[in-house]
Amino acid sequence: MAAHIQPCLVVADADGNIYDQPDLLMLCRRGGQWGLPRPDELMPLPPESELFLLPGRHAVGLNPETGEVEEQEELAVAAFAAPAHTLGAHPVYVRDEDAPLLPLFAYGAVGFANGRFYICARKVDEEARQVFRNVPRARIEKRVRELLRQFPKNRLMQHIMHNCVLRYDCPAARNLALGRYEAPLPTSRACNARCVGCISQQEENSPIQTTPQCRLAFRPTVDEVVEIMRYHEQQEREKPVYSFGQGCEGDPLTEAPLLIAAVRAFREGGGQGTVNCNTNASQPDAVAALADAGLTSMRVSLNSAREDVYLRYYRPTNYGFGDVRRSIEEARRRGVFVSLNLLYFPGVTDTEEEICALTELVGSCGVSFIQLRNLNIDPDMYAELLSGIPMGPSVGLHNFRRRLRKACPWLRFGYFNPYVGTRAELSAPMPGEWTPPAPAVEAEETPEKTAEA
């Protein structure tokens, strides 16, 4: 924790040169609130993070001598935090009327103090699963060439190596090439949701013109999928994880028969390890069948446990939020370790309304784990998307986790899909068996004082 640190404002000129303004303090934004960063949410900028200048958005800082908020001519700067870190606040800026929409990244508030950058974020997972600074690029490319030769007829392996590793530098794909941690298993070309911030495909009339990835263009066979699973099992002998549902595809449950057949074949052949499915959990019957076939864990993507907030972002085409809840319950009843891929957005996710709804979902449905992932979206776009939905004051990431742990003491937090063995040991309650805790007598921690945006 970076206690007693007061970072100064960071700005950028039109040429992309980034420098600090020592006479102004860094401000941060949580929803509609502007304020100074809390000591418990500041940390040095992690290695492998990136700095972005924000076009059409002018930096804003606090003058400590006058107490006035001052807009600058220079551009605002944001930080994209390295994996395993969750943002606690966005940068403060004043946007020009013609400012372009920001690309699909997560924009963290960043400042400068004592010769280094600081970011409003916390490290939420200690595993170095997506740290590559000590892995030479040449080593990865050598492994890619070897795998392309070893699996010349496996289209899925060819796709992952050519497209995901060499084209996009996907961390999951690089780990498959290195034979470690979690193997990605993209299988789906289609999706039954139209997420506003989808990173693989946007509608023709979407204001988002480019996506970070392109979607899978073919349906793999069962043999192609199982061949990769067996290869990865041979390489990663301690904690192998195999995951359906990647950023370069639609939702894997749209290919449920393929997944069920592949998991069953892998298990019947003696396959060990954690078989995971990252999904929107839209099909309860498919989830039940997949669990019966040998699924170990399921990660359910959510931006909110409130139906109105969820629907505005996910925009499902043939399912509802009730189906998501039923899928979680079906999985938990069958011994599946259920995680939430919670798309965390400061000033929304950490509000009273959101915490209460999320606590109820976790307890009532038997969720075991929350992956605190950052929602990649222009902050102003998300605020406009949720316009009109009540949001209370932000309590911050620390208090958000504290509240959930107090109500659901079995709950764990992280960033990556955890290895839970071939068959998970679960402490989360069965659906319908959770008793909400009695309201606390002591006063809740109050949010920090903020200036209104």
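All values reported here derive from a predicted model rather than from experimental measurement.

**Q** Can you walk me through the confidence of the model for the protein in this structure?
**A** Taken residue by residue, the protein gives an average pLDDT of 92. The fraction at 70 or more is 93%. Segment residues 442-453 is flagged for pLDDT under 50; beyond a separation of four residues in sequence, or across chains, it makes 22 contacts in the model.

**Q** Looking at this structure, how should I read empty space enclosed by the protein?
**A** In this structure the tally under the stated criterion is 2 cavities of 30 Å³ or more. By volume, the largest cavity is sized at about 70 Å³. What lines the largest cavity is simply L9, V10, M26, L27, A59, V60, A76, V77, P91, V92 and V110. Those elements that provide at least two residues to the lining of the largest cavity are β1 (8-12), β6 (50-62) and β7 (69-80).

**Q** Explanation requested: the side chain of Q158 in the structure shown.
**A** For Q158, the position within the fold is in helix α2 (residues 155-167). Here F151 takes part through its backbone oxygen, which lies 2.9 Å from a polar atom of the side chain of Q158. Apart from the residues within four sequence positions on either side, Q158 is in contact with L148, F151, P152 and N163.

**Q** Would you take a moment to explain the packing of α2 against helix α3 (residues 171-178) for this structure?
**A** Two quantities define a packed helix pair, namely the angle between the helix axes and the distance between the axes. Interaxial distance between α2 and α3 falls to 9 Å at its minimum, and their mutual angle equals 125°. When the axis of α2 is compared with that of α3, the two are oblique. Pair α2 / α3 crosses with left-handed handedness. Between α2 and α3, the residues in contact are M157, I160, M161, C164 and V165 and A173, R174, L176 and A177, respectively. In terms of residue class, the contact of α2 with α3 is made up of 8 nonpolar, no polar and 1 charged.

**Q** It is not clear to me how the sheet that holds strand β15 (residues 274-279) should be interpreted in this structure. Could you clarify?
**A** Within a sheet, each strand pairs with its neighbour through backbone hydrogen bonds, oriented either parallel or antiparallel. Strand order in the open sheet formed by 7 strands is β13-β14-β15-β16-β17-β18-β19, with parallel pairing between adjacent strands. Looking along the sheet, the strands with just one partner apiece sit at the ends: β13 (182-185) and β19 (412-414). Neighbour-to-neighbour, the strand axes of this sheet turn through a mean angle of 25°, independent of strand direction. Direction of pairing for strand β14 (residues 241-244) relative to β15: parallel, over a ladder of 4 bridges. Its bridge partner lying in β15, V241 is registered against T274.

**Q** Where do I start with the packing of aromatic side chains in this structure?
**A** Given two aromatic rings, their pairing is described by the distance between the two centres and the angle made by the two planes. Under the criterion given, the structure shown has 15 aromatic pairs. Relative to F105, the ring of F52 has its centre 5.2 Å away and its plane inclined at 50°; by these criteria the two rings are tilted. Here the residue F52 occupies a position in strand β6, and F105 occupies one in the loop between β10 (93-95) and β11 (108-113), the gap between them amounting to 53 residues. According to the relative accessible area criterion, F52 is buried, its value standing at 15%. Here Y310 and Y314 contribute two aromatic rings whose centre-to-centre distance is 4.5 Å and whose plane-to-plane angle is 10°, an arrangement assigned as stacked. Placement of both Y310 and Y314 in helix α7 (residues 307-314) is noted, with a separation of 4 residues, approximately one turn of the helix. For Y314, a relative accessible area of 2% corresponds to the buried category. One aromatic cluster in this structure is built from Y310, Y313, Y314, F321, F345 and Y382. Its end group placed over the ring of F132, R174 keeps NZ or CZ at 4.1 Å from the ring centre. A cation over a ring is seen here: R373 above Y415, with NZ or CZ 4.2 Å from the ring centre.

Cut-off values and rules
Residues numbered from 1 in each chain as written. Predicted model: local features only at pLDDT ≥ 70, side-chain atom pairs only at ≥ 80, totals over all residues. Heavy atoms only, no water. pLDDT = per-residue confidence, 0-100. Contact = heavy atoms within 4.5 Å. 1 Å grid on protein atoms, 1.4 Å probe; cavity = no way out; pocket = protein on both sides within 12 Å on 5 of 7 lines; lining within 4 Å. Points joined across faces, edges and corners; volume = space filled by probe spheres on them. Helix = DSSP H or I, 4+ residues; strand = E, 2+ residues; numbered from the N terminus. Polar contact = N/O pair within 3.5 Å; in protein donor to acceptor, adjacent residues only side chain to side chain. Axes fitted to C-alpha atoms, helices over the stretch in contact; angles between N-to-C directions. Parallel < 35°, antiparallel > 145°, perpendicular 65-115°, else oblique. Left-handed = near helix turned anticlockwise from the far one by under 90°. Nonpolar A, V, L, I, M, F, W, Y, C, P; charged D, E, K, R; others polar. Pairing = 2+ DSSP bridges. Phe/Tyr/Trp six-rings, centres within 6.5 Å; stacked < 30°, edge-to-face > 60°. Buried < 20%, exposed > 50% of the residue type's maximum accessible area, 1.4 Å probe, protein only. Lys NZ or Arg CZ within 6 Å of the ring centre and 35° of its normal.

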